[in-house]
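# Working through the structure, step by step
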Amino acid sequence: MRRSNTQSLSEVLKQYIEENRMERKLKEVDIVQGWENLLGKTIARYTRNIYIRNRILYVEITSAVVKNELFLMREEICRRINENAGDEMITRIVFK
């Protein structure tokens, strides 16, 4: 017998995420995991560590040449990340 207040699993998960204010953190995880898709395998090969703290994306780059190129493109990268996330998740990018 079906209850009248049944919900789909996706609705329950969405409600749980909203109630526990996890949306922002999940988007941050998507940004970090999507770095290779956004910039390509070549750039990702020179990337060692990526994390977000206080809306600043920190990226550790192993090549000085790649770091310089990314530094020049940081505004465009920031814009693309925010577009993909559907929200202004990143205000600045720091390359180490």
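Coordinates for the structure precede this section.
Residues numbered from 1 in each chain as written. Predicted model: local features only at pLDDT ≥ 70, side-chain atom pairs only at ≥ 80, totals over all residues. Heavy atoms only, no water.

### As for the overall build of the protein
What counts here: Put simply, DSSP marks the helices as runs of H or I at least four residues long and the strands as runs of E at least two long, and each gets a number from the N terminus on. Atoms considered for the radius of gyration are the C-alpha atoms alone. The globule rule reads 2.2 Å times the number of residues to the power 0.38. Each residue is placed in one exposure class: buried if its accessible area under a 1.4 Å probe, protein chains only, is under 20% of its type's maximum, exposed if it is over 50%, and partly exposed if it falls in between. Contacts are assigned to residue pairs with any non-hydrogen atoms lying within 4.5 Å of each other.
Counting its regular elements, the protein contains six helices and three strands. Shown N-terminal to C-terminal, the secondary structure of the protein runs as helices and strands in the order α-α-α-α-β-β-α-α-β. Relative to the 2.2 N^0.38 estimate, which gives 12 Å for 96 residues, the radius of gyration of the protein is 17 Å and therefore markedly larger than a compact globule would have. Summarising its shape, the C-alpha atoms of the protein cover approximately 65 × 25 × 20 Å along the three principal directions. Expressed as a percentage of the 96 residues in the protein, the buried residues total 27%. Pairs at least 24 apart in sequence give 52% of the contacts found in the protein among residues at least 6 apart.

### What to know about a nonpolar patch on the surface
Put simply, the test is: A patch is a set of surface residues, each over 30% in relative accessible area and not in a salt bridge, joined within 9 Å for like charges and within 5 Å for the nonpolar side chains Val, Leu, Ile, Met, Phe, Trp and Tyr. Accessible surface area values rest on a Shrake-Rupley calculation with a 1.4 Å probe, where residue burial reflects the displayed protein chains alone. Salt bridge, as used here, is a side-chain nitrogen of Lys or Arg placed within 4 Å of a carboxyl oxygen of Asp or Glu.
A surface patch of nonpolar side chains, amounting to about 280 Å² of accessible area, comprises Leu 9, Val 12 and Leu 13. In this structure, Val 12 sits in helix H1 (residues 9–19).

### Section: the packing of aromatic side chains
Which entries qualify depends on this criterion: In this scheme Phe, Tyr and Trp rings, the latter by its six-membered ring, pair at centre separations within 6.5 Å, and the angle between planes marks the pair as stacked below 30 degrees, edge-to-face above 60, and tilted otherwise. Cation placement over rings: the criterion is NZ of Lys or CZ of Arg within 6 Å of the ring centroid and within 35° of the ring normal.
Taken as a whole, this structure holds one aromatic pair when the rule is applied. Measuring from ring centre to ring centre gives 5.0 Å for Tyr 51 and Tyr 58, while their planes differ by 15°; the resulting arrangement is stacked. Look at Tyr 51 and you get partly exposed, because its relative accessible area is 24%. The exposure class of Tyr 58 is buried, given its relative accessible area of 18%. Over the ring of Phe 71 we find Arg 74, and its NZ or CZ is 4.0 Å from the ring centre.

### Describing helix H6 (residues 74–85)
Owing to its 3.6 residues per turn, the α-helix brings residues three or four apart onto one side. Rules: Here a helix's expected span is defined as the number of its residues, less one, multiplied by 1.5 Å. Each direction from the helix axis to a C-beta atom contributes to the arc, which is the arc of those directions.
Its 12 residues place the ends of H6 16 Å apart at the C-alpha level, agreeing with the 16 Å of an ideal helix rising 1.5 Å per residue. Within H6, burial applies to Ile 77, Cys 78, Ile 81, Asn 82 and Ala 85. The buried side chains of H6 occupy one side of the element, clustering within an arc of 130° when seen end-on. Facing away from the buried side of H6, by more than 90 degrees, are the exposed residues Glu 75, Glu 83 and Asn 84. Contacts made by the buried residues of H6 are with helix H2 (23–33), helix H3 (35–39), strand S2 (56–61), helix H5 (64–72) and strand S3 (92–95).

### Some details on the nonpolar core
Inside soluble globular proteins, nonpolar side chains tend to come together where they are buried. Counted only if it meets this: Among buried residues, those of type Ala, Val, Leu, Ile, Met, Phe, Trp, Tyr and Cys that are joined through side-chain atoms within 4.5 Å constitute a nonpolar core.
Judged by nonpolar contacts, the single largest core of 19 residues is most densely connected at Trp 35, Leu 57, Ile 77, Ile 81, Ile 90 and Ile 93. Elements that contribute at least two residues to this core include exactly H3, strand S1 (47–53), S2, H5, H6 and S3. Sorting elements by how many residues they give to this core places H6 first, with four residues. Ignoring sequence-local partners within four residues, the contact set of Ile 93 consists of Leu 57, Val 59, Arg 74, Ile 77, Cys 78 and Ile 81.

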